[in-house]
Amino acid sequence: MAGARSGVLRKSLQRGVALSTGSFLIYEAQKLISGFAEVHASFKVEEVIEQADYLYGSGETEKLYRLLVQHKNSDDAELLWRLARASRDLAQLSSTSAEEKRKLAYEALEYAKKALEKNESNFAAHKWYGICLSDVGDFEGIKTKIGNAFVIKEHFQRAVELNPKDATTIHLIGIWCYSFAEMPWYQRKIAATLFATPPTSTFQEALHYFHMAEEADPNFYSKNLLFLGKTYLKLNNKKMALLWLSKAKEYPAHTEEDKQVQKEALELLNSI
């Protein structure tokens, strides 16, 4: 360290920098402090992300949100998309009021948008922007939701381009396809007024993405198992529907969503 610092001094003198001994020492001290600050800032971001990922894995939604919202003005895309996810997860809790759900949905979208602005090559920022944009559509009506459909799918596809092994995003494209495959006639009419070529899909296309997600990460998500079963039901393949719905019913319930999946899978199995 001392050798490097004397080297800096020697080079400065060689360049003919006219600094008094006192001002040079102040200058060097400021550089040193600045360097420590940069290292500390970098370390702090990594530390917060590590804490956030631990809380997320533990299902501590409220603690996770409280941790990350302190960093809402961060320029780090990794922190910002995690904050978008945490805001959305908090909104999804049954204990969250309707007014708070709406507020959190719009906040989540802003955080995801900021994450994208900071790093367009971050696959998770694209994924969560698409998810949060879809959520906001729920509050703004079917016209807005359909109007955002192509943008949402584009962000999901971009996320998969950036990370082809992310099973969750592949699953979300499957959900997009399933939603448009079963779209009621009146919504199709709205879509036709918004687009020269409105968004369409088929259950076969949805099935392709659900299987693709399962291949990328087997048994990763209860909802993917459920939608494999539901899609096979739509295609009148009861044998395969029974297989996947049974897997969804038996999936360990770690979250509220898992419990809802178990309930729906059981109801569908009883109806076959």
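Our subject is the structure that appears above.
A short tour of the structure in this document, coming up. (Residues numbered from 1 in each chain as written. Predicted model: local features only at pLDDT ≥ 70, side-chain atom pairs only at ≥ 80, totals over all residues. Heavy atoms only, no water.)

Within the protein, the regular secondary structure consists of 14 helices and zero strands. Listing each helix as α and each strand as β along the protein from the N terminus yields α-α-α-α-α-α-α-α-α-α-α-α-α-α. Burial status across the protein gives 40% buried among its 272 residues. Sequence separation of 24 or more characterises 59% of the internal contacts of the protein that already satisfy a separation of 6 or more. When the accessible surface of the protein is totalled, it reaches about 15,500 Å², and 54% of it is carbon and sulfur. (Helix = DSSP H or I, 4+ residues; strand = E, 2+ residues; numbered from the N terminus. Buried < 20%, exposed > 50% of the residue type's maximum accessible area, 1.4 Å probe, protein only. Contact = heavy atoms within 4.5 Å. Areas by Shrake-Rupley, 256 points an atom, 1.4 Å probe, with all protein chains shown as cover.)

It is worth spelling out the packing of helix α13 (residues 238–250) against helix α14 (residues 256–271) at this point. The angle between the axes and the distance between the axes are what describe a pair of packed helices. Closest axis-to-axis distance for the α13/α14 pair is 8 Å, and the angle between their directions is 145°. Of the two elements, α13 crosses α14, and the hand of that crossing is left-handed. Between α13, through Leu242, Leu245, Ser246, Ala248 and Lys249, and α14, the contact on the second element is made entirely by Val261, Gln262, Ala265, Leu266, Leu268 and Leu269. A class-by-class count of the residues in the contact of α13 with α14 yields eight nonpolar, two polar and one charged. (Axes fitted to C-alpha atoms, helices over the stretch in contact; angles between N-to-C directions. Left-handed = near helix turned anticlockwise from the far one by under 90°. Nonpolar A, V, L, I, M, F, W, Y, C, P; charged D, E, K, R; others polar.)

For the structure on display, the rule yields seven aromatic pairs. Between the aromatic rings of Tyr178 and Phe227, the centroid separation amounts to 5.0 Å while the plane-to-plane angle is 90°, which identifies the pairing as edge-to-face. Taken together, the positions of Tyr178 in helix α9 (residues 167–181) and Phe227 in helix α12 (residues 222–234) put the pair 49 residues apart, joining distant regions of the chain. With relative accessibility at 3%, the residue Tyr178 sits in the buried group. Measuring from ring centre to ring centre gives 5.7 Å for Phe210 and Phe227, while their planes differ by 40°; the resulting arrangement is tilted. (Phe/Tyr/Trp six-rings, centres within 6.5 Å; stacked < 30°, edge-to-face > 60°.)

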